[in-house]
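Chain by chain, the residues:
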Amino acid sequence: MEKWYVAAKKADFEKWAAEFGISPVIARILRNRDLTESGGIRKFLYGTLEDCYSPWLLKDMDRAVELLLKAVEEKTAIRVIGDYDVDGICSSYILTKGLQMLGAKVDTAIPHRIHDGYGLNDHLIEEAKEDSIGMILTCDNGIAAAPQIELANAYGIQVIVTDHHEVPFSKNVDEQGRESRKELLPPALAVIDPKREDCTYPFPNICGGVVAYKLIQAIAERLGSRKVSAAEKEDPESLNRNASGNRESGSLRLNEALEELLELAALATVCDVMELKDENRIIVKEGLKRLKNTRNPGIKALMEVNGIEPEKLSAYHLGFVLGPCLNATGRLDTAKRALELLQSEAKTDAMSAARELKELNDSRKYLTLQGVEQAEEYIRQHHMDGDKVMLIFLPDVHESLAGIIAGRIREKYNHPVFILTKGEEGVKGSGRSIESYHMYEAMTAAKQYFTKFGGHKLAAGLSMKEEDIEPLRKLLNEQAALGEEDFIPKVHIDVPMPLVYADRKLAEELELLEPFGVGNPKPLFAQKELTFRSGFKMGANKTCARFRVITPEGEERQLVFFGDLDKFGAFLNQKFGAGSENALYAGRGSFPVSAVYQLGLNTYKGKTELQYVMQHYC
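Now for a look at the structure at hand. Computed from a predicted structure; not experimentally measured.

1. Some remarks on the sheet that holds strand β9 (residues 390-393)
In spatial order, the strands read β9-β10-β11-β13-β12; together these five strands make up an open sheet with mixed pairing. Where the open sheet ends on each side, the last strands, each with one partner, are β9 and β12 (452-455). Neighbour-to-neighbour, the strand axes of the sheet open up by a mean angle of 15 degrees, direction not taken into account. The pairing of strand β11 (residues 427-432) with strand β13 (residues 459-464) spans six bridges and is classified as antiparallel. Bridge pairing in β13 places K428 opposite S463. Each of β9 and β10 (417-422) is contacted by helix α16 (residues 347-381), which is oriented at about 115 degrees to β9, the strand it contacts most. Along the sheet, helix α19 (residues 469-479) contacts β9, β10, β11 and β13; its crossing angle with β9, the most-contacted strand, is approximately 165 degrees.

This is the structure in C-alpha cells:
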C-alpha cells in the first residue's frame, strides 16, 4: 500500500512566475525541488557551465595537478586504475584521454570484477611494480585502499587518489561517553574526494567521473590554455598539426578534449544515480547537448545498435539503455571491452564492439530475471516478512548481478536489501537501501563481519565469510532503527490538478525542468474520481494499456498506463467486484478511480500529441 502526500511548501509563486517568465504551476514544482532563492531558481532553469564550481575548491587539487604535471614532464609511467562500472569506466577514459592530450606516458587498468574485486588490491600493485609504473592515479576508488597504497609507497610508486565514496572512519568514545568520528584517509600523496570532512567543495554529491573531469579541467587551467578558435573546432586535427610538444600546445588539445570529456562526466553522473541537482543538473544538461552530436565513434555506435535517435537522446537513455550496455561487460566479461569501445577510432571497430556489448546486456537481462525469481523464492522459504533488513544468499547467481537484483527486490518490498553470492573466495554481495536507512554507516557498525566493504547511503558492496551471514543478518536487524512507516512507499504529488487544466502549453513548459532523474523526478499531478469507461491493451506482449476516462467536469481524456496490468486488474476486481477488469476492457466500465499522472508530449510517426501517463491509482 502506498501513502500519497501533496507537497505543501510555500512561496510567492506569482512573483516567481513574473520574475522568470514561467507559470505558477512550474514555480510550485521548483519549490518542491527545495529551491527558495532567486539565484537557485535562475541556476536551475538557465544555468550554464560557468555556474559550476571551480575544481580548485576540491581539497588536494593543487597538489595533484602539481604532481601530475611533473610526472608528465619527467616521462614517468602513469597508470590510471578505475572500476568496472560505468562511473569507473568513464572516469578511466576521462583521465587517460586527458593525460594523453598532454603527451603523458599513461595506460589504464580496470579491475576484473571476479578475479580482482572492487578497486585497488595487492595484485594490481604488484603488476604496477612489474611494469615499472612510477605513479598510480585512481578514479572512482582508492579512498578505502590504505593497505594497498602503503604497499605501493613501499615500492616507491607514487599514488594520487580521486574518488567520491564515503571516507572510512573509526568511532571513538571519550570518558564522558561522547562519541566522535575520525576519518581514515589513505596515505596517498594527494586525496581528492569531495566527501572529505576538510574539503570545502560546495556540492559534494558528484560522481567519480565528475571528480576526474574536474582534475583535467584544473590541469587545463593551470597550463593557462587559451580558448580554442572556431576554425580549430571545425578542424580539430589542426591542433595536432600545430602541436610542438610544449605545454601550450598540449593545453590546447586538452581544452578541446574537455568538450568530449564532459559527455562522459554526464553519462557517469546519470549511471551512478547521482541527484540531478545543482551542478550535476548542469553537467548532465550540457553533456546531453554534446552527446546528441558526439564525435566519439563508440558512443555513436552504441546509440545506433540500440536504435536511439541522437536528437531524442535523454537522461533515460543514458541510465537505462547505454549505461547497462557498458555495465554488462564488467558484469559478465571484462570492463576493458567497454573502455575499448569508448577508445575506438574506426567506425567498423566501434560497431563491432557495440554489438557485442548489446548482446552481453541482453544476456544480463535474462540472467537478472532468473536471479529475481530465486530471490523471491528465498524470501518465501526463509519467512523474511519480519526482517527489517533483508539478507538474501543466492550462491548460484552470478556475483555481478547482485546489485541489480538487490535494486529490484528493494523496489518491490521497500526494505534495505543485500544480495549475497558465492565468490571465488568466500561470499560477495551488493546492497541497495531506502531513504531512511544509511547503509554504509550501518555496515560500519557491523564491520567485524566483513573482509572488505565500501559504499554510501543508498548502495554498498562487500566481501565476507559464509559462516558470518546469519550473525550479520541478526545484528543488522537488531540495530536497524526502522519502523513500519519507513517501509510504506511514499508518493509525493507536486500539484493536485484536473486533467482539463493539464494542457499542451504546460507540457511544453515542463521541458524547462529537464533532464529528469534522481533528485529531479518528472513532476507528478493528481486528480480524484476519474471514471474509467474502457480500456485497450497495447504492445506486442499486451503489457501496457490505454484507458478512456471521463473527468468530473464531463470531459473525455485518454490515460496511458505502462505499469503492472495484472495488479491493476486485481485492484479493480477487489474494489468494484469480480469481473470488473473484464468489463473495463469490454467497454462497459464505470469505475471511479483517483489517479496520479505525469504530463508530456509523445511523438509517433511524425505526429506529436499530449499524453497523460498514469503512475499510481487508488
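2. A word on the side chain of D494
Along the chain, D494 turns up in the loop between β14 (490-493) and β15 (495-496). Of note is the side chain of D494, whose polar atom sits 3.1 Å from the side chain of N32. Look past the residues within four positions of D494 in its chain and what remains in contact with it is A7, R28, I29, N32, R33, P523 and L524.

3. Thoughts on empty space enclosed by the protein
Empty space among the atoms becomes visible once a probe the size of a water molecule is rolled across them. Evaluated as defined, the whole model comprises one cavity of 30 Å³ or more. Of the volumes computed, that of the largest cavity is approximately 50 Å³. Forming the boundary of the largest cavity are L267, L291, I299, L302, L318, L322, L326 and L342. Those elements giving two or more residues to the lining of the largest cavity turn out to be α13 (297-305) and α14 (315-332). For the lining of the largest cavity, the per-class residue count stands at eight nonpolar, no polar and no charged.

4. Overview of the packing of helix α5 (residues 86-101) against helix α8 (residues 208-222)
For the pair α5 and α8, the least separation of the axes is 8 Å and the interaxial angle reads 10 degrees. Between α5 and α8, the crossing angle belongs to the class labelled roughly parallel. Counted together, D87, S91, I94, L95, G98 and L99 of α5 and G208, G209, A212, Y213, L215, I216 and I219 of α8 form the full contact between these two elements.

5. Examining the nonpolar core
Within the largest apolar cluster, 89 residues are counted, with the highest numbers of intra-cluster contacts made by L68, I78, L99, L137, L215, I219 and L302. Broken down by element, this core gets its largest block of residues, 12 residues, from helix α11 (residues 247-271). Formed by 43 residues, the second largest nonpolar core is a distinct cluster that contains L30, I41, A507 and F571.

Definitions and cut-offs
Residues numbered from 1 in each chain as written. Predicted model: local features only at pLDDT ≥ 70, side-chain atom pairs only at ≥ 80, totals over all residues. Heavy atoms only, no water. Pairing = 2+ DSSP bridges. Helix = DSSP H or I, 4+ residues; strand = E, 2+ residues; numbered from the N terminus. Axes fitted to C-alpha atoms, helices over the stretch in contact; angles between N-to-C directions. Contact = heavy atoms within 4.5 Å. Polar contact = N/O pair within 3.5 Å; in protein donor to acceptor, adjacent residues only side chain to side chain. 1 Å grid on protein atoms, 1.4 Å probe; cavity = no way out; pocket = protein on both sides within 12 Å on 5 of 7 lines; lining within 4 Å. Points joined across faces, edges and corners; volume = space filled by probe spheres on them. Nonpolar A, V, L, I, M, F, W, Y, C, P; charged D, E, K, R; others polar. Parallel < 35°, antiparallel > 145°, perpendicular 65-115°, else oblique. Core = buried A, V, L, I, M, F, W, Y, C linked by side-chain atoms within 4.5 Å. Buried < 20%, exposed > 50% of the residue type's maximum accessible area, 1.4 Å probe, protein only.

Purely geometric stuff here, so don't read any function into it on its own.
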